[in-house]
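Observations on chain architecture
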Amino acid sequence: MQLRQDGRSMALGTAKCRAVLAALALEANRPVSLERLGKALWAGSPPRSAVANIRTYVAALRRFLGNRIVAGNGGYRLRVEPGEFDVDEFVRLAENGRAALAAHDAAAAVAHLGDALALWRGAPGEGLPRGTALDTYLTGLVEQRLAVFEDLVGARLALGEHAEVIGELRRHLAQHPLREGAWAQLMLALYRSGDTGAALAAYHEMRTLLGEQLGVEPGPQVQALHRDILGRAPELSVASTPAAAPSTLGGPPRQLPPADAVFVGRRQELAQLVDALRAAGRRGPAAVMVSGPGGVGKSTLAVKVAHLVADDFPDGQVYVDLRDLHAAGPAVASAEILASVLRALGVPAREVPDRPDERASRCRSLLAEARVLVLLDNVTDAAQVRPLIPAGSASVLLVTARRPLLTVDAGRHVPLGVLPDDDARLLVAELAGGSRVTADPANAAVLVRLCANLPLALRIVGARLASRPAWPLDVLVRQLADERHRLDALTYGDLSVRDCIDIGYHEVAADDETAARVFRLLGSLPSGQVSVKEAARLLDVPFVRAWQALERLLDAHLVDSLSPERYRLPDLVRQYAAELTAADGAQLPAFRVGGRQATGAAPIAV
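Everything in this summary refers to the structure shown in the same document.

**Re the environment of Y203**
Structurally, Y203 is set in helix α9 (residues 196–213). On the basis of relative accessibility, which here comes to 6%, the residue Y203 falls in the buried class.

**Quick notes on the nonpolar core**
Core analysis: the largest hydrophobic core is formed by 85 residues, its most contacted members being L398, V461, L480, V497, F519, L550 and L553. Setting aside anything within four residues of it in sequence, one finds L480 in contact with L447, L450, C451, V461, R486, A489 and L490.

**Focus: the environment of L431**
Secondary-structure assignment places L431 in helix α16 (residues 421–432). When the C-alpha positions of L431 and A100 are compared, they lie 39 Å apart, and in sequence the two are 331 residues distant. Not counting residues up to four positions away in its chain, the partners in contact with L431 are V262, L458, R459, G462 and A466.

**What to know about the sheet that holds strand β14 (residues 560–563)**
Ordered by their spatial adjacency, three strands build an open sheet running β13-β15-β14, and the pairing between neighbours is antiparallel. Of all strands in the sheet, those bounded by a partner on one side alone are β13 (529–531) and β14. Direction aside, neighbouring strands of the sheet carry axes that sit 30 degrees apart on average. Alignment of β14 against strand β15 (residues 566–568), held across three bridges, turns out to be antiparallel. Paired with D560 across the two strands is R568, which belongs to β15. In the packing of helix α25 (residues 543–555) onto the sheet, the strands contacted are β13, β14 and β15, and the crossing angle to β15 comes to about 40 degrees.

**Side note on the sheet that holds strand β4 (residues 69–72)**
If you walk across this open sheet you meet the three strands as β3-β5-β4, and the pairing is antiparallel. Of all strands in the sheet, those bounded by a partner on one side alone are β3 (32–33) and β4.

**Observations concerning a nonpolar patch on the surface**
Together, L178, L214 and V216 give the surface a local cluster of nonpolar side chains, amounting to about 230 Å² of exposed area. When you line up the elements, L178 lands in the loop between α7 (162–175) and α8 (180–192).

**A word on the pattern of salt bridges**
When their charged atoms lie close together, side chains carrying opposite charge are able to pair. Counted by the stated rule, this structure contains 26 salt bridges. We note a salt bridge from E27 to R36, for which the minimum N-O separation is 3.3 Å. E27 gets classed as buried once you look at its relative accessible area, which sits at 16%. One salt bridge in this structure joins D260 and R459, with 3.6 Å as the shortest N-O distance. Separated by 199 residues along the polypeptide, D260 in the loop between α10 (220–230) and α11 (267–279) and R459 in helix α19 (residues 455–467) bring together distant segments of the chain.

The rules behind each value
Residues numbered from 1 in each chain as written. Predicted model: local features only at pLDDT ≥ 70, side-chain atom pairs only at ≥ 80, totals over all residues. Heavy atoms only, no water. Helix = DSSP H or I, 4+ residues; strand = E, 2+ residues; numbered from the N terminus. Buried < 20%, exposed > 50% of the residue type's maximum accessible area, 1.4 Å probe, protein only. Core = buried A, V, L, I, M, F, W, Y, C linked by side-chain atoms within 4.5 Å. Contact = heavy atoms within 4.5 Å. Pairing = 2+ DSSP bridges. Axes fitted to C-alpha atoms, helices over the stretch in contact; angles between N-to-C directions. Patch = residues over 30% accessible without salt bridge, like charges linked within 9 Å, V, L, I, M, F, W, Y side chains within 5 Å. Areas by Shrake-Rupley, 256 points an atom, 1.4 Å probe, with all protein chains shown as cover. Salt bridge = Lys/Arg side-chain N within 4 Å of Asp/Glu carboxyl O.

Encoded structure:
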């Protein structure tokens, strides 16, 4: 773990100080709780002084990073700009290389994948404490590096560099002898170099290793390659064979992520979306929008319906998650999205136009000639969508967004709300095991209410119950009943209601400072309610500005509207806002709300 500034390496101090930086960097621009930081620093149970120690390490890091480390929500967040974190750069370059491979542009793939590997200077996490939760991340990075190396070899084989890669593959396999894909590449490289005997010997060496260490035979693809070598199949001399570039499968893009195994309810919305997707592009605008609060299941529903209609789009399904595409910076520009879609549709990376309008034209031309489903997940702005809308073709654009993008001319806008009580209980039962839920309907109903019927919260509760089969439901009810720690209880693995709300808040705060101040003001009020007039007076802003800010929060589903000029925080959002306000510390002068005295936190600049 290194921190460099102006080409100089900073002396970060102890291993645990570096581990804090590593944990924050691996979750760049996202909050990391004190609990998760503790798991990254200590194997087993953290000491009683863990929180104090973490704050000491953060204070030391702030000598180098200043206000890039932001406190709040019971943890810290590290602000990282695009291009500053080598892991992000490695992932970006690897994705560009794989996109070039998918487009059969081996030369561009070699350039991108080679640049990705050039960022490595040793094993990840050298000098950090071992046996902690960081090990999972670091092991994953090693796996990514191995896969990128093998993709690079595949691209070089496609360019005819057979003899050049043999030595590199043998060194790679000496360290990682159970990677079948690399053995297949070595066999092919040896065969194309004219050494059939060595290619067959490599197969038998691999087969012996797999049998002795794993008790298995080589996979069917490697066995097929072995038969082709024995038969001197003429297609082995073609540089684009699957064995030459295992990750280049050809054919239409099939990029949809797997649908959730447990899917409950949403029958009406499913029917609406299936009908809209099949009709769009034939008798109306070729775009369909799904909107709703964070954690309500927009992505789950969109992926589910995309799989249901996939056969209607034989020329491919393209999936772009905007949060993954540019998680570390501001909202993704439409030009970047267009480039990602063009590469998925087979345009070589070096042929993607530089100008956004030319990218949009190229994309429309390709979609006009095919029947493709494009799913844009986690859109934040209508401007990201418009250039992707197919112009009267058979292709369709499916979009998920928190805000209702009503300025986009779409065939159907489908708003998504929380689950009805029956479906909410059924979701928990499906995840946790139905017998416990049906045997205790009273506590099951309380759990649903405490989760505010939000699918993300219900999935977390179901997963926690499934992991503790001996727990009765009232154990979790007691944990969730304490509002101060409810969001702590609604965290499991990589699922977190707090993180989900945090994303929505920071999307608003990045665009509208007044909206962020109003949100923090609401978090200071016991009722979680405010009128436009009250907000304008307390924040010392014009009435219209306060109203616009509250409407911005309403569009982002961070507040509900009680009347045209009065708003309140939903339950789970109110707990997040209260945490945010508590972290601010300072107080506003006392004021009256609804006939009683109240105090509020001072507005904080965002």
